[in-house]
Amino acid sequence: MQRTIRPLLLRQQKNSKLQGDIGLAVAIGWLCGNGYSVAIPLTDSHDYDLVIHDGKRFYSVQVKTTYYRRPETGNYSVNLRVSGGNRSGTGKVKLFNPETVDYVFAVTEEGHLYFIPSKMITARNSLSLCEKYAEYRVDHL
C-alpha cells in the first residue's frame, strides 16, 4: 500500500504557537523513533525546545517550522530569530546564536525534516534549507 503524504498545513494554524506545537510533535516523534530519549523543559523561557539523550550525552534542540519558500530559489526558509514574546522582551529581536543550542530541528509544510548541528549554521536571521543542508535532511513524513 502506497502512503499518501499530506501537507502539515502550518500556514492554516490560528497562530505561530500552534504552528510550533505541530513542529514540536513531529520532532518528538522522529527523535523517539530514532532512538533518542526526549525531555521537554518545564517552561518555554529557554533557547531550546527539547533536551535529547543518545545514551551517552544530553543535547539541546531548537525546533523550527516553515511554510515559506523563497521566490527566487523555491527553497524553504526558516526564521531563526525571535521577535517579541517572553524570550526577547517587548520590541526586541533576538538573533540565533549557535552557542546556545546543539541542534536545530526544522520541519517544512511538506513534511521534510532537517536535523542540523547548530555549529553548521552561520546565519543569524533566517536559514535557507538549500543544498548546503541536504546532508542533514533526515526524513520525510
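Each remark here, short or long, concerns the structure printed above.
Residues numbered from 1 in each chain as written. Predicted model: local features only at pLDDT ≥ 70, side-chain atom pairs only at ≥ 80, totals over all residues. Heavy atoms only, no water.

Q: Quick one: what's the story with the environment of Asn97, residue by residue and with numbers?
A: By secondary structure assignment, the location of Asn97 is in the loop between β6 (93-94) and β7 (103-108). Judged by relative accessible area, Asn97 falls into the partly exposed class, the value being 34%. Sequence separation of Asn97 and Thr122 is 25 residues, and the distance between their C-alpha atoms is 9.0 Å. Within the local environment of Asn97, its side chain forms a polar contact with the backbone nitrogen of Glu99, the two atoms lying 2.9 Å apart. (Helix = DSSP H or I, 4+ residues; strand = E, 2+ residues; numbered from the N terminus. Buried < 20%, exposed > 50% of the residue type's maximum accessible area, 1.4 Å probe, protein only. Polar contact = N/O pair within 3.5 Å; in protein donor to acceptor, adjacent residues only side chain to side chain.)

Q: Summarise the pattern of salt bridges; cite the residues concerned and give the values.
A: By the definition in use, this model includes 2 salt bridges. Between Glu110 and Arg69 there is a salt bridge whose closest N-O contact spans 2.8 Å. Linking Glu110 in the loop between β7 and β8 (112-117) with Arg69 in the loop between β3 (58-66) and β4 (77-79), this pair joins segments that are 41 residues apart in sequence. On the accessibility criterion, Glu110 (34% relative accessible area) is partly exposed. (Salt bridge = Lys/Arg side-chain N within 4 Å of Asp/Glu carboxyl O.)

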